Amino acid sequence: QQRLAAERIAAWEEVARRLAHEVKNPLSPIKLAVENLRRTRERAPEQFEQALAEETTTILEEVEGLKRLVDEFSEFARFPKLQCAPCDVREVVHKALALHKPRLERMLVVLVVDDRAAPASIVADAEQLGRAVKNLVQNALDAMDSVVTRQLTVTLREVGHESARVCELTVRDT
């Protein structure tokens with residue numbers, strides 16, 4: 001749990017760094033435009049109206065870009081609504097693994113998938129579950145970059161009591 005919490009914090013720190021970088025870029029032209037307006041008003045007041053038209057266009061374009069960035073970030077930060085339906089968890093996992101096949105092969109990772117005890121069907125949002133599996137596999141591959149022995153083990157099994165059966169997914173790496 002501590003590792004997961006640390007990974008979440010690290011991910012949000014990275015998002016914050018990237019967002020800060022993306023926000024800083026349009027701030028420079030905005031600042032330059034305002035400075036140019038001040039200079040023009042002091043040194044060449046007869047050209048101020050023309051400078052105002054040009055510089056406010058720049059400012060408005062950059063502000064619009066910032067607005068789009070914030071809108072996109074808001075969409076990114078908001079999880080889509082769950083679209084739960086019966087799905088084959090084995091298929092979801094195998095599709096996620098297939099996307100990483102070239103990297104698995106390139107890194108010479110031994111892949112072990114144990115899905116013999118998986119339920120035939122589960123009720124879940126297959127798209128979001130697939131996204132989670134892809135992220136787990138990506139993290140595992142990143143973690144194994146610096147190790148010699150590389151094995152990725154994915155286990156699916158049904159656990160719990162009869163009244164509360166769930167599917168447990170485990171992703172382990174060396």
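Within any chain, residue numbers begin from 1 and follow the written order of that chain's sequence. Restriction of local features to residues with pLDDT of at least 70 applies here, the model being predicted, together with a cutoff of 80 or more for giving and counting side-chain atom pairs; totals for whole chains, interfaces and linings are based on all residues. Based on all heavy atoms of the structure, the side-chain values leave hydrogens and waters out of the count.

Enquirer: Which parts of the structure should I look at to understand the sheet that holds strand 2 (residues 110-117)?
Expert: Think of a sheet as strands paired side by side through backbone hydrogen bonds, with each pair either parallel or antiparallel. Strands pair, by our definition, only if DSSP identifies at least two bridges between them. Helix and strand definitions here come from DSSP, where helices need a minimum of 4 consecutive H or I residues and strands a minimum of 2 consecutive E residues; each element is numbered from the N-terminal end. Taken in spatial order, the three strands line up as 2-4-5 in an open sheet, and their pairing is mixed. For this open sheet the edge positions go to strand 2 and strand 5 (164-173), each flanked by a neighbour on one side alone. On average, adjacent strands in this sheet sit at an angle of 15° to one another, irrespective of strand direction. Across 10 bridges, the pairing between strand 4 (residues 151-161) and strand 5 is antiparallel. Paired with Val154 across the two strands is Val171, which belongs to strand 5. Any two residues whose heavy atoms approach within 4.5 Å are treated as being in contact. Helix axes are fitted to C-alpha atoms over the stretch in contact, other axes to C-alpha atoms as well, and angles between N-to-C directions run from 0 to 180 degrees. Together, strand 4 and strand 5 form the strand contacts of helix 5 (residues 126-143), whose direction differs from that of strand 5 by roughly 25°.

Enquirer: Whenever I open this one, the nonpolar core confuses me. Can you help?
Expert: Generally speaking, soluble globular proteins have nonpolar side chains that are buried together. As used here, the term nonpolar core means buried Ala, Val, Leu, Ile, Met, Phe, Trp, Tyr and Cys residues forming a set that is joined through side-chain atoms within 4.5 Å. Burial classification: accessible surface area is computed with a 1.4 Å probe over protein chains only, and a residue below 20% of its type maximum counts as buried, one above 50% as exposed, and the rest as partly exposed. Core analysis: the biggest nonpolar cluster contains 20 residues, and Val93, Val109, Leu141 and Leu152 have the highest contact counts within it. Listing elements by their share of this core, those giving two or more residues are helix 3 (89-99), strand 3 (122-124), helix 5 and strand 4. The element best represented in this core is helix 3, accounting for five residues. The contact partners of Val93, leaving out residues within four places of it in the chain, are Val133, Val154, Leu156 and Leu169.

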